[in-house]
Each structure stands twice: as structure tokens, then as C-alpha cells.
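Geometric and topological summary
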Amino acid sequence: YIDCDFKDMEEDEAETMQGLVEQLARPIMKGRAVIDGSKYTLTLLKPQGELKEVTFEGMTFRALTHHDNVKAGQTTAGVGKVIAAIFNITYAEVCNMPVQDTNIMLALQRIFTTA
């Protein structure tokens, strides 16, 4: 159960957020994604050496800079750089992840950069 209040949002924004929350529901129910206060952790489907999980604890200036570049029209590579900056991992690590992991990470990123 994910408790979200959509009543103060514009209709299209509420629909977008609802979709993102629904996208996160399955990995949360399976225990792969854990939300603990202001810390969000995802256990990776395909660990990379010692990197077995990634954690998001807030936006850094580096992540915000990449996010602004993506909003200005950069490509998918820019989105990967945003994800890498937010989760404090390298872009190469993002590139080696299965799309299921990057989609969950992208959903978390979108929720917290939209909020």
C-alpha cells in the first residue's frame, strides 16, 4: 500500500504521478524497492561486483545539473547521467543494468524531481 495525496495536483500531473506510483508498487511488493523515510533503496536484478543495491537520498547539485540538461532536450544518455548522479553510481554502471532496474530508478527520479 502506497499512500499518496493527489488532490492538490493538477489533473494531468496527478495522472502522471499515479502511473509512477503504480510502476513502483510491484518492486515494493516484491521487496526489491524499499522506501524508508527519506531513503529509497533498490536491490538490483543483476548485481555488478560489489554493487548489489542503489540508494537515493536526495538530489545533489550534480544530479540537478544533469536533470536541467535533460529538460533542455538532451538524449537518453542524459537521462542515464541523471540516474547515475541521483543514485551516486557511474554512468557505466547504469549502462550495464537491465532495463527493469533503470525503469524503476527513472520512476523514482521522476517522482522526486516532479514533487
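Residues numbered from 1 in each chain as written. Predicted model: local features only at pLDDT ≥ 70, side-chain atom pairs only at ≥ 80, totals over all residues. Heavy atoms only, no water.

**Things to note about the environment of Arg62**
With respect to the helices and strands, the residue Arg62 is situated in helix H2 (residues 61-71). Note on Arg62: relative accessible area 40%, which makes it partly exposed. With 26 residues separating them along the chain, Arg62 and Asn88 place their C-alpha atoms 9.7 Å apart. Contact partners of Arg62, with chain neighbours within four places excluded, come to Ala84, Ala85, Asn88 and Ile89. (Helix = DSSP H or I, 4+ residues; strand = E, 2+ residues; numbered from the N terminus. Buried < 20%, exposed > 50% of the residue type's maximum accessible area, 1.4 Å probe, protein only. Contact = heavy atoms within 4.5 Å.)

**Points about the sheet that holds strand S2 (residues 39-48)**
The strand order across the open sheet built from three strands is S1-S2-S3, with neighbouring strands paired in antiparallel fashion. Each having just a single partner strand, strand S1 (33-36) and strand S3 (51-56) make up the two edges of the open sheet. Adjacent strand axes in the sheet meet at a mean angle of 25 degrees, parallel and antiparallel pairs treated alike. In terms of strand pairing, S1 meets S2 through four bridges, oriented antiparallel. (Pairing = 2+ DSSP bridges. Axes fitted to C-alpha atoms, helices over the stretch in contact; angles between N-to-C directions.)

**Description of unusual backbone geometry**
Even without being a glycine, Asn88 presents a positive backbone phi close to 55 degrees. Among the secondary structure elements, Asn88 is positioned in the loop between helix H3 (76-86) and helix H4 (91-95).

**Examining H3**
Looking at H3, one finds that the buried residues are Gly78, Gly80, Val82, Ile83, Ala84, Ala85 and Ile86. Immediately downstream of H3, the backbone of Asn88 shows phi near 55 degrees, a positive value.

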